[in-house]
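# A structural walkthrough
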Amino acid sequence: MASSKTSIYAALIANLLIAVTKFIAGGISNSAAMVAEGVHSVVDTVNELFLLLGIHRSKKLPDATHPFGYGKELYFWSFIVSIMIFGLGGGISIYQGIAHIIKPEELGDPTINYIVLSLSIVFEGASLIIAIKQFNKIRGTTPFWQAVIKSKDPSSFLVLFEDAAAVAGLFIVMICVYISHRFNKPYVDGVASLLVGLILVVVSAILARESRSLLMGEGVSTQTRDKICRLVEGDNHVTKVMHILSTYQSPTEVLLMLIVAFKEDMDTSEINVAIDRIRDDVKAEFKFVRFVVIQPESLEHHILWNDDKH
């Protein structure tokens, strides 16, 4: 989580440094693309603040109303960020672009645009490099896209996607600003704004999909389930693990429920001792498992119940 905060703070500083200058440049040069970029930077700044809020609130201790803690706050605010990128970032940029394509405005002096865009690329690029380094530390040798899908910490890749979209948008705007002035085609400025908006819509869709999956209760991977199953069934008093249910409460906290068939000759006291031992073994082996609920069930009852279902 600390590494995620580093990239968030870097992105926050970069966006604050350039948001106002983009608006000033857009006003002076009468560029819709620059105004769209300004909106993009403001939205990104707010997004970073939302992510920091989500991280802060997710660390609140459990209480009577939230016995499993507030870990999913991070998933909620990450989903809000994806909606912000879509609605404010992508929506406004697309609207501005279409409006300036239909009714192009006379172009002003592009010099300030080039200065602001160049500085923005430097700041956003630095933020992107930091985000890439932090994400690479987290993913290790896991392929990039697989790491995004497997990640349970949306803040680790949200900033990365935001910064990548920002840098791509800046290059598109710079190229289109040059073309619009070089060939006196004012509508190209609107095309740049439209393209930036489409990039943001695509990025927001990817981020919304991942955040939604976590918010709705994504469980541990199949490989982890198999490891937990082998560990529990390795106990001398366990006959079979019949069900494993899990959900991520936060990037580092999992709620795990095990339905276990114990040896038939065990009494209640022996089962309780075995449950405590298995719970300790699972939590010692899998540090991210915060809560473990173990429900004993006879193997015969489980077989009969399945037969009744069919």
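Source: prediction; values computed, not measured.

### Structural notes on the UniProt feature "transmembrane region" (unreviewed entry) in the protein chain
In this structure's numbering, the residues bearing the UniProt feature "transmembrane region" (unreviewed entry) are residues 7-25, 74-95, 115-136, 157-181 and 187-208. This span, residues 74-95, is 100% helix and 0% strand, and a straight line between its end C-alpha atoms measures 30 Å. As annotated, residues 187-208 comprises 100% helix and 0% strand, and the C-alpha atoms at either end are separated by 32 Å.

### Considerations on the pairing of strand 2 (residues 253-262)
Of all 10 residues in strand 2, nine are buried; the element is thus mostly enclosed. Here strand 1 (residues 238-250) runs beside strand 2; their pairing, made up of 10 bridges, is antiparallel. Among the inter-strand pairings, Ser246 is bridged to a residue of strand 2, identified as Leu256. Hairpin connection between strand 1 and strand 2: a loop of two residues separates the two successive antiparallel strands. Bridge analysis of strand 2 against strand 3 (residues 289-296) gives seven bridges, and the strand direction is parallel. Pairing of Ile259 across the sheet is with Gln295, part of strand 3. Regarding the hand of the β-α-β motif, the stretch spanning strand 2, helix 9 (residues 268-285) and strand 3 is right-handed.

### Points about the layout of surface pockets
Gaps left between atoms are located by rolling a probe of water-molecule size over the structure's atoms. Estimates place the volume of the second largest pocket at around 260 Å³. In terms of lining residues, the second largest pocket is bounded by 14 residues, among which Lys150, Lys152, Glu218, Val220 and Ser221 are the most central. Elements supplying a minimum of two residues to the lining of the second largest pocket: helix 5 (144-150), helix 7 (187-215) and helix 8 (222-233). Ranked by residues supplied to the lining of the second largest pocket, first place goes to helix 7 with three residues.

### Side note on a negative patch on the surface
On the surface, a cluster of negative charge is made up of Glu264, Asp265, Asp267 and Glu270. Among the secondary structure elements, Asp267 is positioned in the loop between strand 2 and helix 9. On the accessibility criterion, Asp267 (42% relative accessible area) is partly exposed.

### Concerning a nonpolar patch on the surface
Side chains of Ile13, Leu17, Ile115, Leu119, Val122 and Phe123 sit close together on the surface and give an oily, nonpolar patch of about 550 Å² of accessible area. Elements represented by at least two residues in the nonpolar patch include exactly helix 1 (2-29) and helix 4 (111-139). Counting residues per element, the nonpolar patch draws most heavily on helix 4, at four residues. The topology assignment puts Leu17 in helix 1. The partly exposed category is assigned to Leu17, whose relative accessible area is 45%.

### Digging into unusual backbone geometry
In this model, Asn184 sits at a positive phi of 55°, which is unusual for a non-glycine residue. Residue placement: Asn184 occurs in the loop between helix 6 (154-182) and helix 7.

### Overview of the packing of aromatic side chains
Considering all chains together, one arrives at nine aromatic pairs under this definition. Ring geometry for Phe68 and Phe291: centres 5.1 Å apart, planes at 80°, overall edge-to-face. Of this pair, Phe68 sits in the loop between helix 2 (32-58) and helix 3 (73-102) while Phe291 is found in strand 3, placing the two residues 223 residues apart along the sequence. Using a relative accessible area of 34% as the deciding quantity, one classes Phe68 as partly exposed. Here the aromatic rings of Phe144 and Phe161 are separated by 6.4 Å at their centres, their planes lie at 40°, and the arrangement is tilted. You can see Phe144 sitting in helix 5 and its partner Phe161 sitting in helix 6, a full 17 residues away along the chain.

### Quick look at the environment of Gly54
Looking at the element boundaries, Gly54 is found in helix 2. Separated by 148 residues in the primary sequence, Gly54 and Val202 have C-alpha atoms spaced 23 Å apart. Those residues in contact with Gly54 that sit more than four places away from it in its chain are Glu73, Leu74 and Trp77.

### Brief notes about the sheet that holds strand 3
Pairing within the open sheet is mixed, and its three strands lie in the order 1-2-3. Looking along the sheet, the strands with just one partner apiece sit at the ends: strand 1 and strand 3. Across this sheet, the average inter-strand angle for adjacent strands is 15°, counted without regard to direction. Across the face of the sheet, helix 8 comes into contact with strand 1 and strand 2 while running at roughly 140° to strand 1.

### A look at the pattern of salt bridges
Following the criterion strictly, the structure yields six salt bridges and no others. As a salt-bridge pair, Asp235 and Arg277 come within 2.9 Å of each other at their nearest N and O atoms. Residue Asp235 is located in the loop between helix 8 and strand 1, and its partner Arg277 is located in helix 9; the two are separated by 42 residues in the primary sequence. Notably, a salt bridge pairs Glu253 with Arg290, separated by 2.3 Å at the nearest N-O pair. Of the two residues, Glu253 sits in strand 2 while Arg290 sits in strand 3, which places them 37 residues apart along the sequence.

Rules used in this analysis
- Residues numbered from 1 in each chain as written.
- Predicted model: local features only at pLDDT ≥ 70, side-chain atom pairs only at ≥ 80, totals over all residues.
- Heavy atoms only, no water.
- UniProt positions renumbered as here; feature names shortened; annotations may be inferred.
- Helix = DSSP H or I, 4+ residues; strand = E, 2+ residues; numbered from the N terminus.
- Buried < 20%, exposed > 50% of the residue type's maximum accessible area, 1.4 Å probe, protein only.
- Pairing = 2+ DSSP bridges.
- Right-handed = clockwise from strand over helix to strand, strands pointing away.
- 1 Å grid on protein atoms, 1.4 Å probe; cavity = no way out; pocket = protein on both sides within 12 Å on 5 of 7 lines; lining within 4 Å.
- Points joined across faces, edges and corners; volume = space filled by probe spheres on them.
- Patch = residues over 30% accessible without salt bridge, like charges linked within 9 Å, V, L, I, M, F, W, Y side chains within 5 Å.
- Areas by Shrake-Rupley, 256 points an atom, 1.4 Å probe, with all protein chains shown as cover.
- Salt bridge = Lys/Arg side-chain N within 4 Å of Asp/Glu carboxyl O.
- Lys, Arg positive; Asp, Glu negative; His and termini not counted.
- Charge placed at Lys NZ, Arg CZ, Asp CG, Glu CD.
- Phe/Tyr/Trp six-rings, centres within 6.5 Å; stacked < 30°, edge-to-face > 60°.
- Contact = heavy atoms within 4.5 Å.
- Axes fitted to C-alpha atoms, helices over the stretch in contact; angles between N-to-C directions.

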